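Summary of the model geometry
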2 protein chains.
Amino acid sequence: MAVSNIRYGAGVTKEVGMDLQNMGAKNVCLMTDKNLSQLPPVQVVMDSLVKNGINFKVYDNVRVEPTDRSFMEAIEFAKKGAFDAYVAVGGGSTMDTCKAANLYASSPHSDFLDYVNAPIGKGKPVSVPLKPLIAVPTTSGTGSETTGVAIFDYEHLKVKTGIASRAIKPTLGLIDPLHTLHMPDRVVANSGFDVLCHALESYTALPYHMRSPCPSNPITRPAYQGSNPISDIWAIHALRIVAKYLKRAVRNPDDLEARSNMHLASAFAGIGFGNAGVHLCHGMSYPISGLVKTYKAKDYNVDHPLVPHGLSVVLTSPAVFSFTAQMSPERHLETAEILGADTHTARIPDAGPILADTLRKFLFDLDVDDGLASIGYSKADIPALVKGTLPQERVTKLAPRPQSEEDLSALFEASMKLY
Amino acid sequence: MAVSNIRYGAGVTKEVGMDLQNMGAKNVCLMTDKNLSQLPPVQVVMDSLVKNGINFKVYDNVRVEPTDRSFMEAIEFAKKGAFDAYVAVGGGSTMDTCKAANLYASSPHSDFLDYVNAPIGKGKPVSVPLKPLIAVPTTSGTGSETTGVAIFDYEHLKVKTGIASRAIKPTLGLIDPLHTLHMPDRVVANSGFDVLCHALESYTALPYHMRSPCPSNPITRPAYQGSNPISDIWAIHALRIVAKYLKRAVRNPDDLEARSNMHLASAFAGIGFGNAGVHLCHGMSYPISGLVKTYKAKDYNVDHPLVPHGLSVVLTSPAVFSFTAQMSPERHLETAEILGADTHTARIPDAGPILADTLRKFLFDLDVDDGLASIGYSKADIPALVKGTLPQERVTKLAPRPQSEEDLSALFEASMKLY
């Protein structure tokens with residue numbers, strides 16, 4: 001279980017300049033996206049940097065749902081700038097881009113694929129020292145401020161993949177609920193679904209002592225190590241917060257209590273899955289996002305078709321947990337109960353259907369699109385979706401139940417329509 | 001909030017040589033005490049160092065319940081050795097001594113009092129880089145493997161004080177339950193009481209947003225920041241484990257499940273109180289240990305009178321939580337319920353007595369000495385005990401209820417006899 005330093009509180013963002021000064025930073029890279037670059041979270045950071053006399057350059061060309069090309073562009077910026085620290089202000093896309101920029105600028109002779117997860121990349125362990133990175137999340141879902149993971153679309157293969165190493169974990173996350181008050185409702189909902197799935201997947205992931213291979217040298221062990229007694233605490237706690245606060249947070253932009261709690265839940269779930277890992281919902285989500293045709297999500301201001309990450313993850317969740325329940329029915333029932341199911345008279349073999357029904361009701365209440373069909377997929381797409389899932393071994397191998405290509409086909413098919 | 005790096009599992013200790021190699025260490029200081037130096041935990045570490053070709057020197061002169069003089073001796077050893085990494089194998093005394101040795105060897109021109117907590121020392125922030133320190137706890141109580149705190153007796157004033165800085169937190173804790181199987185029952189009980197009090201005190205500590213002063217620069221904020229939503233999770237989880245496993249762990253040395261769980265609970269509670277802090281049980285424990293006259297604890301193989309830390313902490317717990325309950329009665333009732341009380345019909349004003357009675361029953365079941373009187377103190381000692389508590393502001397100020405000297409006298413008096 002690895003370190004995540006976070007500081008929580010309304011207004012903590014304005015301390016970023018002091019933190020950087022305490023770290024001895026003199027030439028800082030501030031990364032964000034074009035939408036945020038004119039908004040208060042970035043303004044607060046810039047004011048704090050100016051006030052503390054810290055030189056900085058802004059990179060605001062982060063792509064929402066980044067690609068290898070958009071990563072590469074940020075890396076070039078980072079290499080040229082010779083920065084001694086980074087600040088990422090935004091959602092997972094920005095934090096992940098900034099992690100990659102920091103990594104490759106610190107390891108300038110590496111090829112891009114060197115650190116990308118196998119089998120797509122070489123998955124080399126990171127042994128170069130990185131610069132400090134302070135992450136300021138403005139959405140409440142990714143948990144990227146606490147993890148050593150950076151996800152992107154590999155355009156050539158049309159699949160999502162990533163870089164996973166404890167070394168790229170942010171030095172500090174500033175969890176400031178003030179940034180969550182202006183999120184549109186679909187952004188709150190979709191990012192909340194990401195928290196929900198982080199919690200459910202890490203809690204039901206293969207137990208750490210059953211994972212194989214088991215590298216004898218600690219440095220070659222994966223960042224995602226399977227469910228364990230520590231990640232379990234974070235997963236369950238995050239799930240309780242989702243159950244209590246997500247609907248309120250979606251429905252009322254002024255509900256500071258609900259939005260603050262979801263902002264913390266995102267970090268809590270991040271610490272959990274950042275150590276335990278995720279499995280099928282995430283593994284299957286990458287082709288769902290990567291193969292998007294024309295779907296343009298409400299409330300996302302981007303110039304390209306987009307299935308938001310949290311939506312791509314949650315749409316398969318009823319099917320996935322029906323499939324995995326037989327491996328740990330008690331855990332599946334426990335999470336169903338936390339999400340509102342009455343499980344007092346539940347039978348063990350019904351754990352899967354009970355959790356699936358609970359999830360369907362939860363999604364229906366939150367106006368989620370009715371399955372993969374409603375975001376543009378049909379049966380004819382299933383072979384491509386399965387093909388896009390196969391390279392996601394880093395996560396799919398953490399599913400508690402092994403899955404064949406036929407199993408994956410059936411899971412996609414069962415996710416076409418939810419209600 | 002700073003989380004700690006820990007690795008848990010039977011046998012993880014034998015990986016220490018690889019970890020040090022991965023850190024690039026070539027000249028390691030292995031610290032332990034005379035009792036442990038011939039026992040398996042130290043042997044396993046030495047074998048792993050030899051196998052990985054790492055040069056090391058052993059310092060086995062750690063004092064159980066260390067003093068400024070014993071710290072200083074270890075510091076001299078560290079300075080002379082010019083080590084590039086440290087391994088501490090033992091209980092809190094060893095880990096704390098090793099933290100101090102690492103700190104002052106890394107800051108060779110500092111006076112000893114520079115980093116000691118105010119008002120006894122100067123409480124300077126640590127800005128020098130330290131060497132990696134791997135902690136291998138062999139008792140299940142201190143949580144020192146996860147904290148930035150090192151406690152010692154300041155002989156000149158006959159009080160316990162310490163050094164508290166995130167900078168001295170171990171780089172990695174190896175939580176290996178195999179080391180707990182040979183602990184005698186009183187060592188298990190007393191170290192378990194330390195976990196119990198870490199959990200209860202950090203959960204009932206002053207909330208972080210009510211602490212004052214509130215330094216505007218993050219680097220000058222105390223390691224102990226008051227109870228907060230993250231430390232709460234660790235505290236409650238550790239308390240549940242204590243409630244479920246401590247009695248089993250004390251009574252049966254072969255109960256690997258119970259002893260493993262207590263070993264983890266110690267680290268969990270450490271992460272909680274290492275961020276939130278402790279308050280009156282710990283603040284008052286320092287003179288109880290420091291002023292010891294002739295009491296020699298069963299199962300402790302030392303050549304000087306000794307009130308084990310966990311015992312010195314827990315004896316005042318019924319009085320302390322009676323006193324603090326009015327500030328957060330719900331939390332006091334919640335913890336009483338976890339420890340086995342039936343609180344369904346409890347009234348809010350009874351929260352203090354209910355938790356106190358629950359603790360008395362818990363201690364009685366575990367054959368704990370009947371109060372301060374039974375370990376050699378009388379009413380005549382109370383002024384000295386109070387005087388020894390007053391300099392412990394670092395923790396006593398975190399009590400949810402301010403306390404006068406009269407309050408402290410009354411708490412010591414109420415702790416003379418428990419049953």
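Residues numbered from 1 in each chain as written. Chains lettered and ligands numbered in written order. Predicted model: local features only at pLDDT ≥ 70, side-chain atom pairs only at ≥ 80, totals over all residues. Heavy atoms only, no water.

As annotated in an unreviewed UniProt entry, chain A carries the name Hydroxyacid-oxoacid transhydrogenase, mitochondrial and is attributed to Equus przewalskii. On record in UniProt, under Subcellular location (unreviewed entry), the comment for chain A is "Mitochondrion". Here chain A is described in UniProt, under the heading Sequence similarities (unreviewed entry), as follows: "Belongs to the iron-containing alcohol dehydrogenase family. Hydroxyacid-oxoacid transhydrogenase subfamily." (UniProt positions renumbered as here; feature names shortened; annotations may be inferred.)

1. Section: the packing of aromatic side chains
Inspection of the entire model under this criterion finds 21 aromatic pairs over all chains. Where Tyr-224 of chain A meets Phe-273 of chain A, the ring centres are 6.1 Å apart and the plane angle is 65°; that geometry is what we call edge-to-face. With Tyr-224 of chain A in the loop between α5 (185-204) and α6 (229-251) and Phe-273 of chain A in helix α7 (residues 256-276), this pair connects stretches of sequence that are 49 residues apart. Neither residue differs from the other here; Tyr-224 of chain A and Phe-273 of chain A are each classed as buried. With 5.3 Å between their ring centres and 65° between their planes, Phe-112 of chain B and Phe-152 of chain B make a pair best called edge-to-face. Taken together, the residues Phe-112 of chain B in the loop between α4 (92-106) and β5 (133-137) and Phe-152 of chain B in strand β6 (residues 149-154) connect sequence positions 40 residues apart. Of the two residues, Phe-112 of chain B and Phe-152 of chain B, neither departs from the other in class, the shared state being buried. Taken together, the aromatic side chains of Phe-71, Tyr-104, Phe-112, Tyr-115 and Phe-152 of chain A make up a single cluster linked through ring pairs. Stacked on the ring of Tyr-203 of chain A, the Lys or Arg Arg-331 of chain A has its end atom at 4.1 Å from the ring centre. (Phe/Tyr/Trp six-rings, centres within 6.5 Å; stacked < 30°, edge-to-face > 60°. Helix = DSSP H or I, 4+ residues; strand = E, 2+ residues; numbered from the N terminus. Buried < 20%, exposed > 50% of the residue type's maximum accessible area, 1.4 Å probe, protein only. Lys NZ or Arg CZ within 6 Å of the ring centre and 35° of its normal.)

2. Some details on helix α3 (residues 68-81) of chain B
Residues and elements named next belong to chain B. In this model, α3 (14 residues) spans 20 Å end to end at C-alpha, consistent with the 20 Å of a helix rising 1.5 Å per residue. Buried-residue contacts for α3 involve β2 (27-31), β3 (55-59), β4 (85-90), α4, β6 and β7 (159-164). Remark: Ala-82 follows α3 within two positions and exhibits a positive phi of approximately 45°. (Expected span 1.5 Å × (residues − 1). Contact = heavy atoms within 4.5 Å.)

3. Topic: helix α7 (residues 256-276) of chain B
Residue and element names in this part refer to chain B. With 21 residues, α7 extends 30 Å from end C-alpha to end C-alpha; this agrees with the ideal 30 Å at 1.5 Å per step. By the criterion of burial, α7 is predominantly enclosed, with 18 of the 21 residues buried. Gly-277 sits one or two residues past α7 and shows a positive phi near 100°.

4. Comments concerning the relation of the copies chain B and chain A
The transformation that overlays chain B on chain A combines an axial shift of 0.0 Å with a rotation of 180°, and the residual RMSD is 0.0 Å. Accordingly, the operation relating the two chain copies is best matched by a two-fold axis. (Least-squares fit on C-alpha atoms with pLDDT ≥ 70 in both.)

5. Focus: the pattern of salt bridges
Counting across every chain of the model gives 44 salt bridges over all chains. Between Glu-413 of chain A and Lys-379 of chain A there is a salt bridge, with the nearest N and O atoms lying 3.2 Å from each other. Residue Glu-413 of chain A is found in helix α15 (residues 405-414), and its partner Lys-379 of chain A is found in the loop between α12 (351-365) and α13 (382-389); the two are separated by 34 residues along the sequence. Overall, the relative accessible area of 39% leaves Glu-413 of chain A in the partly exposed class. A salt bridge links Arg-331 of chain B to Asp-232 of chain B; the nearest nitrogen and oxygen atoms lie 2.8 Å apart. A residue pair is termed long-range when its members are at least 10 positions apart, and Arg-331 of chain B in helix α11 (residues 329-338) and Asp-232 of chain B in helix α6 (residues 229-251) qualify at 99 residues. Judged by relative accessible area, which is 12%, Asp-232 of chain B ranks as buried. (Salt bridge = Lys/Arg side-chain N within 4 Å of Asp/Glu carboxyl O.)

6. A look at the side chain of Asp-96 of chain B
Residues and elements named next belong to chain B. Its location among the elements puts Asp-96 in helix α4. For Asp-96, a relative accessible area of 8% translates into the label buried. Within the structure, the side chain of Asp-96 is placed 2.9 Å from the backbone nitrogen of Ile-151, a separation counted as a polar contact. With residues near it in sequence (within four places) discarded, Asp-96 still touches Phe-71, Ser-144, Val-149, Ala-150 and Ile-151. (Polar contact = N/O pair within 3.5 Å; in protein donor to acceptor, adjacent residues only side chain to side chain.)

7. With respect to the sheet that holds β2 of chain B
Residue and element names in this part refer to chain B. Strand order across the open sheet formed by six strands is β1-β8-β5-β4-β2-β3, with parallel pairing between neighbours. Each edge of the open sheet is held by one strand with a lone partner, namely β1 (6-8) and β3. Neighbour to neighbour, the strand axes of the sheet diverge by 20° on average, direction disregarded. Here β4 runs beside β5; their pairing, made up of five bridges, is parallel. (Pairing = 2+ DSSP bridges. Axes fitted to C-alpha atoms, helices over the stretch in contact; angles between N-to-C directions.)

8. Points about the UniProt feature "domain: Alcohol dehydrogenase iron-type/glycerol dehydrogenase GldA" (unreviewed entry) in chain A
UniProt records the feature "domain: Alcohol dehydrogenase iron-type/glycerol dehydrogenase GldA" (unreviewed entry) at residues 5-177 of chain A, using the numbering of this structure. From the first C-alpha to the last, residues 5-177 of chain A spans 17 Å; its make-up is 28% helix and 23% strand.

9. So, the UniProt feature "domain: Fe-containing alcohol dehydrogenase-like C-terminal" (unreviewed entry) in chain A
UniProt tags residues 226-416 of chain A as "domain: Fe-containing alcohol dehydrogenase-like C-terminal" (unreviewed entry). Across residues 226-416 of chain A, helical content stands at 61% and strand content at 0%; the span's end C-alpha atoms are separated by 29 Å.

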